[in-house]
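One-letter residues, chain by chain:
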Amino acid sequence: MRKRPDAAGKEVSRVIDLFRNTWNALYNVLKSISIADFLDIALLTCLVYIIFKFVRETRAGQLIKGILFIIAVYFLSGLLELKAIHWISEKALD
C-alpha cells in the first residue's frame, strides 16, 4: 500500500518542523548561557577531577568504597526489612 504524494509531503513537512523546533530550542538554550555559567561548569569539572584523582591515588578510595557499600547495605536491608543486617549496618555508620 503506497502513500499518496500529498501524505508523504505532509510527513516530510512534519519532520522539517520537528528539526526546526528542536534547533530553535537548542539555540535559545545556548544563547542563554553566560560566561559565569561556563566558568561555574569548568571549575566544578576541575574539582570533581581532582577529587577522583585523589581518591584513586590514595587509600581514601578504598575507604570511600567501603563506606558506600555499608550505606548501600543499610538502605537495602531497610527496604527488604532485614532487621539484623539493618541494625548492624546502622551501628557501623554511627
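As the structure is a prediction and not an experimental result, all values here were calculated from the model.

**Concerning the overall build of the protein**
Item 1. A count of helical and extended segments in the protein gives four helices and zero strands.
Item 2. Going from N to C terminus, the protein has its helices and strands arranged as α-α-α-α.
Item 3. The dimensions of the protein, computed from C-alpha atoms along their principal axes, are 70 × 45 × 20 Å.
Item 4. Counting every position in the protein, which comprises 94 residues, the buried fraction comes to 5%.
Item 5. With the model as given, the accessible surface of the protein reaches about 9100 Å², and the carbon-plus-sulfur share is 70%.

**Looking at the pattern of salt bridges**
Item 1. Summed over the entire model, instances satisfying the criterion amount to one salt bridge.
Item 2. Notably, a salt bridge pairs Asp-17 with Arg-20, separated by 3.2 Å at the nearest N-O pair. Of the two residues, Asp-17 and Arg-20 both sit in helix H1 (residues 5-32), three residues apart, roughly one turn of that helix.
Item 3. By relative accessible area, which is 35% here, Asp-17 ends up partly exposed.
Item 4. Among the residues examined, Arg-20 registers a relative accessible area of 47% and is labelled partly exposed.

**Overview of the environment of Thr-22**
Item 1. Considering the arrangement of structural elements, one finds Thr-22 in helix H1.
Item 2. Exposure remark for Thr-22: the relative accessible area of 47% places this residue in the partly exposed category.

**Quick word on the environment of Gly-78**
Item 1. Here Gly-78 is to be found in helix H3 (residues 60-79).
Item 2. Residues Gly-78 and Val-48, spaced 30 residues apart in sequence, show a C-alpha to C-alpha distance of 31 Å.

**What to know about unusual backbone geometry**
Item 1. One non-glycine residue with positive phi stands out, namely Glu-81, at about 60°.
Item 2. The topology assignment puts Glu-81 in the loop between H3 and helix H4 (83-93).
Item 3. On the basis of relative accessibility, which here comes to 64%, the residue Glu-81 falls in the exposed class.

**Brief notes about the packing of H3 against H4**
Relative placement of two packed helices is described by the angle separating their axes and the distance separating the axes.
Item 1. For the pair H3 and H4, interaxial distance at closest approach is 8 Å and the crossing angle is 145°. H4 is crossed by H3, and the crossing has left-handed handedness. Side by side, H3 and H4 meet where Ile-70, Ile-71, Val-73, Tyr-74, Ser-77 and Gly-78 of the first sit next to Ile-85, His-86, Ser-89, Glu-90, Ala-92 and Leu-93 of the second.
Item 2. When grouped by side-chain class, the residues that make up the contact of H3 with H4 number seven nonpolar, four polar and one charged.

**A short note on the packing of aromatic side chains**
Item 1. This model, assessed by the stated rule, comprises one aromatic pair.
Item 2. Relative to Phe-75, the ring of Tyr-74 lies with its centre 5.4 Å away and its plane at 70°, an arrangement referred to as edge-to-face.
Item 3. Classification of Phe-75 as exposed rests on a relative accessible area of 57%.

Calculation rules
- Residues numbered from 1 in each chain as written.
- Predicted model: local features only at pLDDT ≥ 70, side-chain atom pairs only at ≥ 80, totals over all residues.
- Heavy atoms only, no water.
- Helix = DSSP H or I, 4+ residues; strand = E, 2+ residues; numbered from the N terminus.
- Buried < 20%, exposed > 50% of the residue type's maximum accessible area, 1.4 Å probe, protein only.
- Areas by Shrake-Rupley, 256 points an atom, 1.4 Å probe, with all protein chains shown as cover.
- Salt bridge = Lys/Arg side-chain N within 4 Å of Asp/Glu carboxyl O.
- Axes fitted to C-alpha atoms, helices over the stretch in contact; angles between N-to-C directions.
- Left-handed = near helix turned anticlockwise from the far one by under 90°.
- Contact = heavy atoms within 4.5 Å.
- Nonpolar A, V, L, I, M, F, W, Y, C, P; charged D, E, K, R; others polar.
- Phe/Tyr/Trp six-rings, centres within 6.5 Å; stacked < 30°, edge-to-face > 60°.

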